[in-house]
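Commentary on secondary and tertiary structure
Listed below are the residues making up each chain.
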Amino acid sequence: MTNKSYFLIDRSVLFLWWLTVGFMLVFDLAAAQVRDTATLIPEKIYLQLDSKVYTKDQTIWMKAIVTDAAFHLPSQRSRILHIDLIGPGEVVIDSKIIKLEKGVGTGHFDLRQQYAEGTYLVRAYTRWNENFGKDFFFRSYIQVLSTAVEEPLNPITQVTLLEKGDNKRVLKALFDPLVIDKRHTQKLLVIVAVEDSKDTLLIKPNPEDAYELAYEIPETCNFATLTLETENLATYTKTYVLDNTYLDVQFFPESGYLVHGLSSKVGVKALGANGKGIFLSGEILTQHGESIAQFHTNELGMGYFLLPRVDSTMTYTARLTSSLEKKIPLPVVVGKGNVLSVKKVKRQIQIRATSNYLKQDSIIFRVACRGTDYFEVKGRLKEGQIMFPLPSQSLPEGILVFTMTDVAGHPLAERLFFNERPESRLKIDIVPDKDFYVQREQCKVAIQTTNEQQVAVPAHISIHVINHDQLGHVSDTRDHILSYFLLSSDLKGTVQHPGFYFQEGTNRDKDLEALMLTQGWRRYIHNRPKVSILHQAERSLAVSGRVKGGLLQRKKKAVQITLVTMGESSTVQVQTLDSLGIFQFPVEDEYGESLKILLQTADKSGKNKAYTIELDKVKRPKIGYDLAHSIFAVDSIIQDLIQQNLMRKKIKDAFRVSDEGITLDEIVIEGYQMSPQRKRAWDQFGKPREIINGKEISAKEEKWSSGLFSVLLYHYSDRIKIVRQGTDLYARVIGSPSLEPGDGVTLVAIDGILVREEDYGIIPDLPPSEVKSVEIIRSARNFAQHYMEVVPGTPALEAPTMGSVLSIYTHTGRGLHAVHKPVGLLHTEVPVFTEQKEFYVPTYPDTTAYNWARPDLRALVHWDPYLVADSTGKVTTTFYNADNLGEMKIIVEAISLNGEIGYQELLFNVEEY
């Protein structure tokens, strides 16, 4: 929908002022109408993470805020948010389902020592946003580091870049697979990833038994990721910078082009070898060597300069101060074009358009923000130029898109501008009960949220308190609620240090202008073609799928399906299906790892029928992992954080041992008669470490038991864990080894025959009375090959190299499909909401000698994402300080029901007790 107001620019100033006031009314009307009618707009997803750097023994704490993309109103559309933790190998290693209440939810990931060091991607999305593409997913890269001193593996050495003639470059490297796999003897699989392409190579050893790579790469490529995989599927990946002296300097003329006879701003962006911005300075020269402009970039590598009237018969170059002999060409000057300039003067945004071929023509200016049009103004050029102001307070805060078109709607020029309006933000007052504190002293913090008129505003609030010395550097420039909603979520690509643009004391106007000129690619596509809605917004948990069977499809017989849930409270639902057999049951809110369910089919008279029940399997979106983020230099501040965490862990472990002692796992192996099935399993997988007799399993079966897995879940949870992945249940041997992130994978064999993935849904329902024994084989031999047999089509690089086998023997001895199973019955588990984990807050009501002997070195002092300011706008929280001395930082983020957002920090000191 478009709301238009037309006026002639060449009227008196008074008339222009009067019309400008009139536009403010148009803006309010447009916003109200768009809110009522915009039904196909995406959602914005923001995750507040407590840090960007973690060690493997820590928890990633998250608060989710989901709003509509246009006005930042807490979303009423989706009630379910999916969050994935993606490892360096581009594999999802953990997932959470978060319940959203008025667009707000909380979650966490517990990191584990088995995880590999490296750069991890935290991704969040709603099913609704899948309709609009991956640009509307939340993505944040974090670093996961070890708390232990680990011997670095280095199977890739002598990485060099050979410059050949004809602008060709060859990447050379030497591989030693024995560093990660002592048994490797054959060809080596190597994957080379450069730019947007990947090549898979098989390399033979040379006469010296060394594996050499010589690979031609594009001239423009400055990063290469090498992955090697041994014959036993051990893998190693590393990204390399190919030229440490590499410098990429780009120039971005305002409105897209340098135009003959016109002046314009030109943005400049300078990137170093690691892909990050760097400081740079220089001057612009004509082809005759005349200096006509000076430029420099900020610490993030961006800046701009004004280039006077340019000439299409001339060429222009930039000469760098750091390298006077190096000259970089500017874009070619076009002979015909337009320049659209925007700048802010006090409370007005001044728009100026110039053209070297349109002289007295009528043109249209459109102003939009986040995909919504706010103004459309018609005017007439005078001698090829026009200028007029708009009141900045009539436009929302954020990135504005100014578009200039002719009367037929053809685009002539476009310009992005950041409209900074701090007065429109939520005001947050943070008031501690003291000016400073001592170690372990209780701190009480009062928080109040108001608007510009100091009127109380109810809001959702989160607070986290950090040791500024350890985490302050990491938090200063990270994405926060202001930078994400107003800036980085509306720009294409990654914004380096987005929090930088909202720091006090910086040249925000200039820095934001430089960002708009250099990285001002729109994410919100105006005049978007009609969106195909393939994914409906998730309003509740659900069980959905399809019933299949001969009579159902051939004779179109009606069939009933009953769902029984076994959660906090049992529920029963019945649906009658048509010949398509499609069903969907809403499920009440449940929390935990999974929800046990039972599905039973019957005819319309209630008699059970042996129909096949298939649950829908929802595919995760494709992973888009930016390899440039895997280049990570551990600076001195982060290294100090690692050492502090290592010290904290050592102290914690020492006190746990002294308090609880050390216990060793007992391994029980019983003697038994060898059978052909057991011999086959021994030969394939190895000897079992533990055996559970089938009579014992059968004796533990209860009336409510729904199959073998239900008995294992309730009576053998110390040895076997039952977990849910997607819609299926899987057994996991506790303590199963793994070289990959996460718990070790466990395969299942029935009577010595591996069960393929498509049959895993049958295993949980095996009647315990049919089971002869269940045997645990840890560190199964040739595990990767077995895994690829179970999951056909698995890429060799993704197959786990270590794991366990749960070997089940039945009385029939003929495998899974020979066991009698109930008809038309499916016992399984489905994913549910993640339980909220309470942040541990130590209390020190007294200062006994024992308590002081146990140091408290927390870097994250306090985390509370659940605060809600009431109608008075007030809320309080309390916590105890740690033993760390010096500055602590309180960080508060908030959003109101009207979409007002706020961010505030406060420092306080902790002194020695």
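A short tour of the structure in this document, coming up. (Residues numbered from 1 in each chain as written. Predicted model: local features only at pLDDT ≥ 70, side-chain atom pairs only at ≥ 80, totals over all residues. Heavy atoms only, no water.)

1. Quick look at the sheet that holds strand S25 (residues 338–345)
Counted only if it meets this: Here, any two strands with at least 2 DSSP bridges between them count as paired. Helix and strand assignments follow DSSP, with helices taken as H or I runs no shorter than four residues and strands as E runs no shorter than two, numbered in order from the N terminus. Whenever a helix is involved, its axis is fitted only over the stretch in contact; in every case the axis is a line through C-alpha atoms, and angles between N-to-C directions fall within 0 to 180 degrees.
Spatially, S25-S26-S29 is the arrangement adopted by the 3 strands of the open sheet, whose pairing is antiparallel. Edge positions in the sheet fall to S25 and strand S29 (385–391), since each has one partner strand and no second. Across the sheet, the mean angle separating the axes of adjacent strands is 15 degrees when strand polarity is ignored. Both strand S26 (residues 348–355) and S29 contribute to a ladder of 7 bridges, which runs antiparallel. Bridging from a neighbouring strand, Gln348 pairs with Pro391 of S29.

2. Concerning the sheet that holds strand S11 (residues 188–194)
Read across the sheet, 4 strands follow the order S12-S11-S14-S15 without closing on themselves; strand pairing throughout is antiparallel. Of all the strands in the sheet, the pair left with one neighbour each is strand S12 (197–203) and strand S15 (235–241). Across the sheet, the mean angle separating the axes of adjacent strands is 20 degrees when strand polarity is ignored. Where S11 and strand S14 (residues 223–229) come together, 5 bridges link them in antiparallel fashion. Along S14, the bridge assignment pairs Ile191 with Thr227.

3. With respect to the side chain of Arg858
Formally: When accessible area is computed with a 1.4 Å probe and restricted to protein chains, residues below 20% of their type maximum are described as buried, those above 50% as exposed, and intermediate ones as partly exposed. The definition of a polar contact used here is a pair of N or O atoms within 3.5 Å, where within protein one atom must be able to donate a hydrogen and the other to accept one, and adjacent residues in sequence count solely through side-chain atom pairs. Any two residues having at least one pair of non-hydrogen atoms within 4.5 Å are treated as being in contact.
By the element assignment, Arg858 lies in the loop between helix H11 (849–853) and strand S50 (860–869). On the basis of relative accessibility, which here comes to 12%, the residue Arg858 falls in the buried class. Engagement of the side chain of Arg858 in a polar contact is seen with the backbone oxygen of Val861, the distance being 2.8 Å. Sequence-distant contacts of Arg858, that is, excluding residues within four places in its chain, are made with Asn467, Pro842, Tyr844, Tyr880, Asn881, Ala882 and Asn884.

4. Concerning the pattern of salt bridges
For side chains of opposite charge, pairing can occur when their charged atoms come near one another. Under the convention used in this document: Take a side-chain nitrogen of Lys or Arg and a carboxyl oxygen of Asp or Glu: if they are within 4 Å of each other, that pair is a salt bridge.
In this structure the tally under the stated criterion is 27 salt bridges. One salt bridge in this structure joins Lys44 and Asp490, with 3.1 Å as the shortest N-O distance. Of this pair, Lys44 sits in strand S1 (residues 43–49) while Asp490 sits in the loop between helix H3 (481–486) and helix H4 (508–519), placing them 446 residues apart in sequence. For Asp683, the salt bridge goes to Lys679, with nearest N and O atoms at 3.1 Å. Here Lys679 and Asp683 lie together in helix H7 (residues 676–685), a separation of 4 residues that amounts to about one turn. Lys679 sits in the partly exposed class, given a relative accessible area of 48%. A single salt-bridge network, built from bridges that share partners, covers Arg79, Lys99, Glu101 and Asp589.

5. Describing H7
Rules: When we speak of the arc, we mean the arc of directions from the helix axis to the C-beta atoms.
Turning to H7, its buried residues are Gln677, Arg678, Ala681 and Phe685. All buried residues of H7 project into a common sector of 95 degrees when viewed along the axis, lining one side. Contacts from the buried residues of H7 go to strand S45 (745–750), strand S46 (753–754), strand S47 (771–777), helix H10 (783–790) and strand S48 (803–810).

6. A closer look at the pairing of strand S40 (residues 595–603)
Counting buried residues along S40, 9 of its 9 residues qualify, which places the element largely inside the surrounding structure. Because side chains alternate across S40, one face comprises the buried residues Leu595, Ile597, Leu599, Thr601 and Asp603, and the other comprises Lys596, Leu598, Gln600 and Ala602, equally buried. In this sheet, S40 lies alongside strand S37 (residues 559–566) in antiparallel orientation, the contact comprising 8 bridges. Residue Thr565 lies in a different strand from S40, and its bridge partner there is Ile597. Alignment of S40 against strand S49 (residues 825–830), held across 6 bridges, turns out to be antiparallel. Bridge assignment links Leu595 to a residue of S49, and that residue is Val830.

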